[in-house]
Amino acid sequence: MEFNVVQNISVYPNPAAHNIMVYGLNGTETLVLHHISGQQQLHVKATDSNMQLEVNHLVPGIYILTVTDTSGAVLSTYKIVKQ
């Protein structure tokens, strides 16, 4: 589920068990994954237009993935379900 979309970014699979694929980046964004309780779980600087985020170590639940540009502006926000 997408909350806010400024850049055409695709995130799948959702729900996810092991990895989340993020497509449509320009390679300069920051990807941050928070548990729904607010605890940050991942913080990754994009290095390519496609990124794979490993989520197999996370407990099942609902997470929020936020993609920001180099200035910190939010480009996209997604609700992710971890199985």
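Residues numbered from 1 in each chain as written. Predicted model: local features only at pLDDT ≥ 70, side-chain atom pairs only at ≥ 80, totals over all residues. Heavy atoms only, no water.

Novice: Help me out: how do you make sense of a nonpolar patch on the surface in this one?
Specialist: Together, I36, I62 and V81 give the surface a local cluster of nonpolar side chains, amounting to about 220 Å² of exposed area. Mapped onto the fold, V81 is located in strand β8 (residues 74–82). (Patch = residues over 30% accessible without salt bridge, like charges linked within 9 Å, V, L, I, M, F, W, Y side chains within 5 Å. Areas by Shrake-Rupley, 256 points an atom, 1.4 Å probe, with all protein chains shown as cover. Salt bridge = Lys/Arg side-chain N within 4 Å of Asp/Glu carboxyl O. Helix = DSSP H or I, 4+ residues; strand = E, 2+ residues; numbered from the N terminus.)

Novice: Just to check I follow, could you spell out the pairing of strand β4 (residues 30–35) for this structure?
Specialist: On a regular strand, each side chain points to the face opposite its neighbour's, so the side chains alternate between the two faces of the sheet. Summarising burial for β4: five of the six residues are buried, a large majority. Pairing between β4 and strand β5 (residues 40–45): five bridges, direction antiparallel. Across the sheet, the residue bridging to V32 is H43, located in β5. The sheet contact formed by β4 and strand β7 (residues 61–68) spans six bridges and is antiparallel. Paired with L31 across the bridge in β7 is V67. (Buried < 20%, exposed > 50% of the residue type's maximum accessible area, 1.4 Å probe, protein only. Pairing = 2+ DSSP bridges.)

Novice: Would you mind going over unusual backbone geometry with me for this structure?
Specialist: Most peptide bonds take the trans form, and the phi angle of most residues other than glycine is negative. A cis amide bond links Y12 to the next residue, P13, at an omega of -5 degrees. The topology assignment puts P13 in the loop between β2 (10–12) and β3 (19–23). N14 connects to P15 through a cis peptide bond whose omega is 15 degrees. With respect to the element layout, P15 can be found in the loop between β2 and β3.

Novice: Would you mind showing me how to read the environment of T68 here?
Specialist: Its place among the elements puts T68 in strand β7. With relative accessibility at 15%, the residue T68 sits in the buried group. As a C-alpha pair, T68 and H35 span 33 residues in sequence and 17 Å in three-dimensional space. Among residues more than four places away in sequence, those in contact with T68 are E29, T30, A73, V74 and L75. (Contact = heavy atoms within 4.5 Å.)

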